[in-house]
Amino acid sequence: MELKEKTTETLEKELKSLQTLTGMLAGILALLFIVCIYGLISEGPKSTITALLTVPIALGAILPMNYKKIKEIKIELEER
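Reading guide: rules and limits
- Residues numbered from 1 in each chain as written.
- Predicted model: local features only at pLDDT ≥ 70, side-chain atom pairs only at ≥ 80, totals over all residues.
- Heavy atoms only, no water.
- pLDDT = per-residue confidence, 0-100.
- Helix = DSSP H or I, 4+ residues; strand = E, 2+ residues; numbered from the N terminus.
- Core = buried A, V, L, I, M, F, W, Y, C linked by side-chain atoms within 4.5 Å.
- Buried < 20%, exposed > 50% of the residue type's maximum accessible area, 1.4 Å probe, protein only.
- Contact = heavy atoms within 4.5 Å.
- Axes fitted to C-alpha atoms, helices over the stretch in contact; angles between N-to-C directions.
- Parallel < 35°, antiparallel > 145°, perpendicular 65-115°, else oblique.
- Left-handed = near helix turned anticlockwise from the far one by under 90°.
- Nonpolar A, V, L, I, M, F, W, Y, C, P; charged D, E, K, R; others polar.
- Patch = residues over 30% accessible without salt bridge, like charges linked within 9 Å, V, L, I, M, F, W, Y side chains within 5 Å.
- Areas by Shrake-Rupley, 256 points an atom, 1.4 Å probe, with all protein chains shown as cover.
- Salt bridge = Lys/Arg side-chain N within 4 Å of Asp/Glu carboxyl O.
- Expected span 1.5 Å × (residues − 1).

Scored by pLDDT, the chain has a mean of 90; 100% of the residues are at 70 or more. Least confident of the elements in the chain is helix α2 (residues 47–59), whose mean pLDDT is 85; most confident is helix α3 (residues 62–79), at 95.

Next up, the structure:
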């Protein structure tokens, strides 16, 4: 369903939930990244910590997509 077909209330709810989830995801990924870096510094390169470091890097690609969607929703709401 395209943004133009959705009601204003639906878009506002979607915007709020997307902003909340994106913020939570960014916080969790930042925390995981910091924990992995700390583990690498304190314990050296072990396979578990090194493998775990790829998770925040890989999932970080979701953030730009979410920010793009938030921007699109905001533009649609401003046009109405």
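Most often, soluble globular proteins have nonpolar side chains that are buried together. One finds L3, L11, L15, L18, I70 and I73 forming the largest nonpolar core, which totals six residues. The set of elements that each furnish at least two residues to this core consists of α1 (8–43) and α3. It is α1 that contributes the most residues to this core, three residues altogether. Not counting the four nearest positions on each side in its chain, I73 is found in contact with L3, L11, E14, L15 and L18.

Before going further, it helps to examine the packing of α1 against α3. The geometry of α1 relative to α3 is characterised by a closest axis approach of 10 Å and an angle of 155° between their N-to-C directions. Put simply, α1 runs roughly antiparallel to α3. Judged by the sense of rotation from one axis to the other, the crossing of α1 with α3 is left-handed. Touching T8, L11, E12, E14, L15, L18, Q19, T22, L25, A26 and L29 of α1 are I62, L63, N66, Y67, K69, I70, I73, K74, E76 and L77, all from α3. Here the residues of the contact of α1 with α3 are counted per class, giving 12 nonpolar, four polar and five charged.

A surface patch of nonpolar side chains, amounting to about 380 Å² of accessible area, comprises L52, V55, L59, I62 and M65. It is α2 that provides the largest number of residues to the nonpolar patch, a total of three residues. Mapped onto the secondary structure, I62 falls in helix α3.

With that out of the way, let us pick up the side chain of E76. Examined against the element boundaries, E76 turns out to sit in helix α3. When residues no more than four places from it in sequence are discounted, the contact partners of E76 are L3, K4 and L11.

Locating L21 in the fold gives a position in helix α1. Residue classification places L21 among the exposed positions, given a relative accessible area of 53%. Here the alpha-carbon distance between L21 and P45, two residues 24 residues apart in the chain, equals 32 Å.

The periodicity of an α-helix, 3.6 residues per turn, causes residues three or four positions apart to be oriented the same way. In this model α1 runs 52 Å from its N-terminal to its C-terminal C-alpha over 36 residues, within 8% of the 52 Å that 1.5 Å per residue would give. Within the sequence span of α1, burial applies to L11, L15, L18, T22, L29, C36 and G39. Contacts made by the buried residues of α1 are with α2 and α3. G44 sits one or two positions beyond α1 and adopts a positive phi of about 85°.

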